[in-house]
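The primary structure of each chain is shown beneath.
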Amino acid sequence: MKESRLMLIQYATAVVAVALVSVHLIMQGVIYPYSTAISFSNILSIYRNGFYAIFLEALLVVVLVHGFNGLRIILHEIRQTKPWTMWVDIGTVVAIVATVAYGTRTVILAVFGGVAG
Amino acid sequence: MGTVGEERARNKRGLMGWLNPYHYNAERWAYMFQRVTGVAILLYVLGHLGDTSFFVGGPTGTGPSSSSWAFIGNIFENSFGHLILILVVLVLFFHGVNGLRLILTEFGLIFRKPAAIEYPYKPRSLSSLQKSLIFIGITIAAVAAIWAFLVLFEGLG
């Protein structure tokens, strides 16, 4: 993908992340008191609300794409050799896929998994 | 423009090419902090992915587990953990507001028309609005950190 397009993705994910993270923070400290927000029963009810589960998945993808793409840009500046550039790009894709997969696993298990004590 | 040798030497500065903004303007300091806070937030997000996974029993869990969630809560829900969260809110808000400023400047929305530099050698393209946004970002971040302090430490009381 062209760097100009990747930069546009960086900006788009930045704007979306600002909106999603703002909502996430409001959920943690404005709508509920913090102690209620992090209680097991409250988190379970939030995850099992389909809308908020989708919201958390979107937050996960947007923040990780923005974060790892930002790190990729910083790493590209350190060296400009072809192998470095290639491995940084590959590492970025692997990191995004692996972390999104791990976070998605949490969301799926929280929504569909059996509740244990 | 420098010689080829000078250009190579400049590239060899590596991270210090952007990490040291000493003797530069406010925009350059904001640029450095944007990157440092970005890396810090990414590290926090990775840690947050790990701790939230304990809601479903951790890496080997199979579903929501109150005992696993209580276990991770005992580690992070204390004064030190809350202090880290306040720092996260501080850098998050600075990164967000300053990032929006960078996007607006990137698309030329808060830039003045470039012109030849004359005495006292201040770049004419840098409008006061975009510079103000740096300090607005710092102010919003400070207010958000105070808000986070009140939210988190009230919970401890």
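Details of the structure are given in the entry above.
A few points on the structure. (Residues numbered from 1 in each chain as written. Chains lettered and ligands numbered in written order. Predicted model: local features only at pLDDT ≥ 70, side-chain atom pairs only at ≥ 80, totals over all residues. Heavy atoms only, no water.)

## Considering the overall build of chain A
Consideration 1: If you tally the helices and strands in chain A, you get five helices and zero strands.
Consideration 2: Reading the helices (α) and strands (β) of chain A from amino to carboxyl end gives α-α-α-α-α.
Consideration 3: For 117 residues, the compact-globule formula gives about 13 Å, and the C-alpha radius of gyration of chain A, at 17 Å, lies well above that figure.
Consideration 4: Counting only C-alpha atoms and orienting by the principal axes, one finds that chain A spans roughly 50 × 30 × 20 Å.
Consideration 5: For chain A, the residues scored as buried account for 44% of the 117 residues in total.
Consideration 6: Counting contacts in chain A only where the partners sit at least 6 residues apart, residues at least 24 apart contribute 71% of the total.
Consideration 7: Just so you have it, chain A exposes about 6,300 Å², and 76% of that area is on carbon and sulfur atoms.
Consideration 8: Distance between charge centroids for chain A: 5 Å, based on 7 positive and 4 negative side chains. (Helix = DSSP H or I, 4+ residues; strand = E, 2+ residues; numbered from the N terminus. Rg over C-alpha atoms; globule rule 2.2 N^0.38 Å. Buried < 20%, exposed > 50% of the residue type's maximum accessible area, 1.4 Å probe, protein only. Contact = heavy atoms within 4.5 Å. Areas by Shrake-Rupley, 256 points an atom, 1.4 Å probe, with all protein chains shown as cover. Lys, Arg positive; Asp, Glu negative; His and termini not counted. Charge placed at Lys NZ, Arg CZ, Asp CG, Glu CD.)

## Comments concerning the pattern of salt bridges
Consideration 1: Counting across every chain of the model gives four salt bridges over all chains.
Consideration 2: For the salt bridge of Arg72 of chain A with Glu3 of chain A, the shortest nitrogen-to-oxygen distance reads 3.0 Å. With a gap of 69 residues between them, Arg72 of chain A in helix 4 (residues 50-78) and Glu3 of chain A in helix 1 (residues 3-31) connect regions that are remote in the sequence.
Consideration 3: By relative accessible area, which is 42% here, Glu3 of chain A ends up partly exposed.
Consideration 4: The closest approach of N and O atoms between Arg35 of chain B and Glu77 of chain A, which form a salt bridge, is 2.8 Å. A residue pair is termed interchain when its members come from two chains, as with Arg35 of chain B in helix 3 (residues 26-52) and Glu77 of chain A in helix 4.
Consideration 5: Among the charged side chains, a network of salt bridges with common partners joins Glu3, Arg72 and Asp89 of chain A. (Salt bridge = Lys/Arg side-chain N within 4 Å of Asp/Glu carboxyl O.)

## Describing the nonpolar core
Consideration 1: Formed by 34 residues in total, the largest nonpolar core has its most connected members in Tyr47, Leu59 and Leu64 of chain A together with Phe55 of chain B.
Consideration 2: Counting residues per element, this core draws most heavily on helix 4 of chain A, at 10 residues.
Consideration 3: Leave out the neighbours within four places in its chain, and Tyr47 of chain A touches Ala53, Leu56, Thr106, Val107, Ala110 and Val111 of chain A together with Phe55 of chain B.
Consideration 4: In terms of nonpolar packing, the next biggest core, distinct from the first, is built from nine residues, Leu85, Ile86, Ala148 and Val151 of chain B among them. (Core = buried A, V, L, I, M, F, W, Y, C linked by side-chain atoms within 4.5 Å.)

## A look at the interface of chain A and chain B
Consideration 1: Every contact between the two is made by 42 residues of chain A and, on the other side, 41 residues of chain B.
Consideration 2: Taken as a group, Tyr11, Tyr34 and Phe40 of chain A account for 19% of the area that chain A buries against chain B, more than any other trio of residues on that side.
Consideration 3: Linking chain A with chain B are one salt bridge.
Consideration 4: There are 10 residue pairs in polar contact (both at pLDDT 80 or more) connecting chain A and chain B.
Consideration 5: The element best represented in the side of chain A that touches chain B is helix 4 of chain A, accounting for 11 residues.
Consideration 6: Considered class by class, the residues forming the side of chain A that touches chain B number 27 nonpolar, 12 polar and three charged. (Buried area = accessible area lost by both parts, 1.4 Å probe. Polar contact = N/O pair within 3.5 Å; in protein donor to acceptor, adjacent residues only side chain to side chain. Nonpolar A, V, L, I, M, F, W, Y, C, P; charged D, E, K, R; others polar.)

## Re helix 4 (residues 66-76) of chain B
An α-helical turn contains 3.6 residues, so a residue and the one three or four places further along point in the same direction.
Consideration 1: Burial in helix 4 of chain B covers these residues: Ser68, Trp69, Ile72 and Gly73 of chain B. Along the axis of helix 4 of chain B, the buried positions cluster into a sector of 140°, meaning they face one direction only.
Consideration 2: Looking at the buried side of helix 4 of chain B, the elements it contacts are helix 3 (40-47) of chain A together with helix 3 of chain B. (Arc of directions from axis to C-beta.)

## Points about the side chain of Gln10 of chain A
All names here are of chain A.
Consideration 1: Examined against the element boundaries, Gln10 turns out to sit in helix 1.
Consideration 2: Note on Gln10: relative accessible area 8%, which makes it buried.
Consideration 3: Contact partners of Gln10, with chain neighbours within four places excluded, come to Val65, His66, Asn69, Gly70 and Ile73.

## Details of the packing of helix 1 of chain A against helix 4 of chain A
Residue and element names in this part refer to chain A.
Consideration 1: It is the contact of helix 1 with helix 4, at a shortest axis distance of 8 Å, that shows an interaxial angle of 135°. In terms of orientation, helix 1 and helix 4 fall into the oblique class. The handedness of the crossing between helix 1 and helix 4 is left-handed. (Axes fitted to C-alpha atoms, helices over the stretch in contact; angles between N-to-C directions. Parallel < 35°, antiparallel > 145°, perpendicular 65-115°, else oblique. Left-handed = near helix turned anticlockwise from the far one by under 90°.)

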